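# Summary of structural features
One-letter residues, chain by chain:
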Amino acid sequence: MKRILFISAILSVLLAGCADLRAPSDRTDFWGSPAPAAAATMTIVVGPETKHVNLIGGDIVRFVVGDKSFTWSFDGAYFPAAVDISKVSNGLLQRPLMAYVESNPMYQRNSN
């Protein structure tokens, strides 16, 4: 009986750790915040063939969709993550566009 409880506890800890790798789909504030276009450090033109973008936490990106644009600062606390940009596009994107956002290496701890 003790062995089953021990294994259950270990599995619970492991599963809880895995859950942290996914960004919550209903909390866009974990991914960052809107930003003024002048603050953008890069511009990405989204065309029909654009399926995903690769970014680093801290990037401030101006997304151009047709003749309109929006800017998002990926300054959230939940990276690495796969973020659906359409959820923060104020309706400009009518289809999912995944941004794969890595943690910024500048803020990672050195194991030495």
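Just so we're clear, the structure is a prediction, and the values are computed from it rather than from any experiment.

Bringing the pairing of strand β7 (residues 98-102) into the picture now. Residues Ala99 and Val101 of β7 are buried on one face, while the alternating residues Met98, Tyr100 and Glu102, pointing to the opposite face, are not. Summarising the sheet, strand β3 (residues 52-56) and β7 pair through five bridges and their orientation is parallel. Directly across from Ile56, in β7, lies its bridge partner Glu102.

Okay, the environment of Val45 next. Along the polypeptide, Val45 turns up in strand β2 (residues 42-46). In this structure the C-alpha to C-alpha distance between Val45 and Ser69, which are 24 residues apart in sequence, comes to 8.9 Å. When neighbours within four sequence positions are excluded, Val45 is seen to be in contact with Thr50 and Val64.

Spatially, β3-β7-β6 is the arrangement adopted by the three strands of the open sheet, whose pairing is mixed. Both outer strands of the open sheet, β3 and β6 (81-84), are each paired with one neighbouring strand and no more. Ignoring strand direction, the axes of neighbouring strands in this sheet form an average angle of 25°. Where β6 lies against β7, four bridges are found, and the strand directions are antiparallel.

The next subject is the nonpolar core. One finds Leu55, Phe63, Phe74, Val83, Ile85 and Ala99 to be the most contacted residues of the largest nonpolar core, which totals 20 residues. Counting only elements with at least two residues in this core, the list comes to β2, β3, β4 (60-65), β5 (68-73), β6 and β7. For this core, the element with the highest residue contribution is β4, accounting for three residues. With sequence-adjacent residues up to four places away left out, Phe63 is seen in contact with Ile44, Val46, Val53, Leu55, Lys68, Ser69, Phe70, Trp72, Phe74 and Ile85.

Thresholds, definitions, all that
- Residues numbered from 1 in each chain as written.
- Predicted model: local features only at pLDDT ≥ 70, side-chain atom pairs only at ≥ 80, totals over all residues.
- Heavy atoms only, no water.
- Buried < 20%, exposed > 50% of the residue type's maximum accessible area, 1.4 Å probe, protein only.
- Helix = DSSP H or I, 4+ residues; strand = E, 2+ residues; numbered from the N terminus.
- Pairing = 2+ DSSP bridges.
- Contact = heavy atoms within 4.5 Å.
- Axes fitted to C-alpha atoms, helices over the stretch in contact; angles between N-to-C directions.
- Core = buried A, V, L, I, M, F, W, Y, C linked by side-chain atoms within 4.5 Å.

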